[in-house]
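Overview (structure and organization)
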Amino acid sequence: MPSEKTSSPAESTAMDIARPSAWSRITKRLELSSVDDQRRSNADLDPVPPHRRTWRTHNFVMYWISDNFSPSGFRNAASLMAIGLSWRDSLVCITVAQFIIGVVIVLNGVVGSRYHINFSIQSRASFGYYFSYLMIIMRMIVGIFWYGIQAYTGAECVRSMIYAIWPSFHNVKNTLPVSANIDTQMMTAYVVYFIIVLPMHYIPMHHLKWLFTIKSITTPIVGFAIMGWVIHKVGVSNTSLWTQETTLHGSTLAWTFLSGLYANIGTWSTLAVNVPDFTRYAANDKSAYITALVLPATGCLITFFGVVSAAGSNILYGQILWDPLLLIDNWTSSGGRAAAFFCAFFFLIAQIGVNIAANSISAANDLNCLFPRYINIRRGQIIVAFIGSWALTPWNILTGAPAFISFMSGYSVWLGPMAGVLLSDFYLVHKQKYDVWELYNKHGIYRYNKWGTNWRAFVAFFIGWVPLLPGFIPTVNSSITVSTGATHLYYLGYFYGVGAAALSYYVLCRFWPATETMLARAVLPDADVIDGHSGDDMEEGIEAALGD
């Protein structure tokens, strides 16, 4: 009988090498078709091509209207009036805060509208190719955290809708333990919300303008409707909230006002950093300038709605309801329930839009930059949705971790200096002149040194936040006391952080300039280069861009 043929050890080894492992087959399947390994980029990370630059001035107007008109907007004045400010002072405080942050947003947004790049790529110009990753991770953490918190608010909208359709839902028995920090009603609404919102992450950013247009029309109508109903029902001329005067005087009033100003600026400090994520889709440089006016105007208006509604709820129900969802939950007649459903439905649309725009897309851009081979914006949004909604369990954070919420709310301690360095680099140091393709080159001019770190930005960033740390700590741990001066400096935190970081960065660059990054003219993106992702076409496109 012929003997059975067996392979030699050398042949077996060769076969094992030739056969790809299961893991390599999986990663190969997950790899994006548009990935460019040489530049560590993909189609979503590249500058936005001309046919996707569809956002015009009215689209940004609609965006900011829809962003402010949300359930959280109704609550703007609550914390300010709780610490002694009148409703008038609260309106002024919120309006001034949103005007200041609106200016910062406009200034930083020019980078996106001119070079059509997102924050992740922009940060390389000032912080260096590798040090920028720390800034990206810091910003991503904030986005994922607030995505979870905003998802919980979205679930509250769904719960109000269910209450309106099926009043018996109020009586659903809770089967979850107390330690879960969430009841059966809320968990049901949370699951429904997640099912509704998940497909929305598939909408490309340049098409989301239609969602914001719908929001900007419907949510102001809801706001006027709720306020009009309250005025019609009870009138608000003599309520305690309406007649509440400022209980503070002198320097105490001034520092309390500054504290409220800082808190309201901090609410938008993330957007001030990552606004290029949106302005990169602008049709021209000036499309987003309107932000500086629309943001404070809408902030003032929605805050006024909240004050009127809360004042009326105190007469109607014997308690001050700053949350409009709690107010409409009391509309129990058949007509009232129909109105409550539509109000909650439009608030749900608003909440979905806010969460996708302010948190989901921003964090997805960061993941896209960290893992460009495998993650684009769409995949990044799905990852953010699952981590923010389920891994973080926002109901536990809201009920059991107030110190953590205080920590995240004070995150502007770091975001302010980050914005200061970005603005100083673009306007004062580089005179608005970047080479957009060098930003994608890890060995290019924006590497700065072998560590990929711009030491000037490193020093300026720390100058911007370290002195604020003593005043920040007591907001997380109330048992720790610090000097009055440290507390007052913290109240000036955003002004100090932006100003100190911007000035120190400019001075350092003035005396120790990175001459290799100083350009005689800007190198802007070109359509031919944007559409190519590898090979000779890319090289020719880059040469054309550099040669123009």
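All of these numbers come straight from a predicted model, not from anything done at the bench.

This next bit is on the overall build of the protein chain. For the protein chain, the count of helices and strands is 27 helices and zero strands. Buried residues in the protein chain amount to 54% of all 548 residues. Nonlocal contacts in the protein chain, meaning residues at least 24 apart in sequence, comprise 83% of its contacts between residues at least 6 apart. As displayed, the protein chain has an accessible area near 23200 Å², and 64% of this comes from carbon and sulfur atoms.

Relative to the elements of secondary structure, Ser360 occurs in helix H17 (residues 334-370). A residue is classified by how much of its surface remains accessible, and Ser360, at 0% relative accessible area, is buried. Not counting residues up to four positions away in its chain, the partners in contact with Ser360 are Tyr147, His201, Asn355, Gln381 and Val384.

A separate point is the nonpolar core. Ranked by size, the top nonpolar core spans 136 residues in total, and within it Ile101, Ile226, Met418 and Tyr494 carry the most contacts. It is helix H8 (residues 132-165) that provides the largest number of residues to this core, a total of 17 residues. In this view, Met418 contacts Phe119, Phe127, Met135, Met138, Val273 and Phe461; residues no more than four positions away in its chain are not counted.

What follows covers the pattern of salt bridges. Once their charged atoms are close, side chains differing in charge can pair, the charge on each being opposite to the other. Counted according to the given criterion, the structure contains nine salt bridges. Linking Asp46 and Arg39 is a salt bridge whose minimum nitrogen-to-oxygen distance equals 3.0 Å. Side by side, Asp46 and Arg39 carry an identical accessibility label, which is buried. Here Asp366 ties to Arg139 by a salt bridge, and the two come within 2.3 Å at their closest N and O atoms. Of the two residues, Asp366 is situated in helix H17 and Arg139 in helix H8; the sequence distance between them amounts to 227 residues. Relative accessible area serves as the criterion here: at 0%, Asp366 is assigned to the buried category. When salt bridges with common partners are traced through the structure, they connect Lys28, Glu31, Asp37 and Arg373 into a single cluster.

Let us look at the confidence of the model for the protein chain. Averaged over all residues, the pLDDT of the protein chain equals 87, while 89% of them reach at least 70. Confidence drops under a pLDDT of 50 for residues 527-548, and excluding neighbours within four residues, the segment shows 35 contacts in the predicted structure.

What follows is about the packing of aromatic side chains. Where two aromatic rings form a pair, the distance of their centres and the angle of their planes describe that pair. Using the criterion set out here, one finds 44 aromatic pairs in the structure. Measuring from centroid to centroid gives 5.0 Å for Tyr262 and Tyr490, while their planes differ by 75°, and the two rings are edge-to-face. One end of the pair, Tyr262, is in helix H12 (residues 250-267); the other, Tyr490, is in helix H24 (residues 484-491), with 228 residues separating them in the sequence. Residue classification places Tyr490 among the buried positions, given a relative accessible area of 6%.

There is a patch of nonpolar side chains on the surface, built from Trp455, Phe458, Val459, Phe462, Ile463, Val466, Leu503, Val507, Phe511 and Trp512 and spanning about 910 Å² of accessible area. When residues of the nonpolar patch are assigned to their parent elements, the largest contribution, five residues, is made by helix H22 (residues 455-465). Relative to the assigned elements, Leu503 resides in helix H25 (residues 493-511).

We now examine the environment of Met161. Within the secondary structure layout, Met161 lies in helix H8. In this structure Met161 comes out as buried when scored by relative accessible area, which is 12%. Residues Met161 and Cys343 lie 182 residues apart in sequence; the distance between their C-alpha atoms is 8.5 Å. The residues touching Met161, leaving out its near neighbours within four places in the chain, are Phe341, Ala344, Phe345 and Leu348.

This part takes up the environment of Leu489. Tracing the sequence through the fold places Leu489 in helix H24. Given a relative accessible area of 26%, Leu489 falls into the partly exposed group.

Conventions used here
- Residues numbered from 1 in each chain as written.
- Predicted model: local features only at pLDDT ≥ 70, side-chain atom pairs only at ≥ 80, totals over all residues.
- Heavy atoms only, no water.
- Helix = DSSP H or I, 4+ residues; strand = E, 2+ residues; numbered from the N terminus.
- Buried < 20%, exposed > 50% of the residue type's maximum accessible area, 1.4 Å probe, protein only.
- Contact = heavy atoms within 4.5 Å.
- Areas by Shrake-Rupley, 256 points an atom, 1.4 Å probe, with all protein chains shown as cover.
- Core = buried A, V, L, I, M, F, W, Y, C linked by side-chain atoms within 4.5 Å.
- Salt bridge = Lys/Arg side-chain N within 4 Å of Asp/Glu carboxyl O.
- pLDDT = per-residue confidence, 0-100.
- Phe/Tyr/Trp six-rings, centres within 6.5 Å; stacked < 30°, edge-to-face > 60°.
- Patch = residues over 30% accessible without salt bridge, like charges linked within 9 Å, V, L, I, M, F, W, Y side chains within 5 Å.

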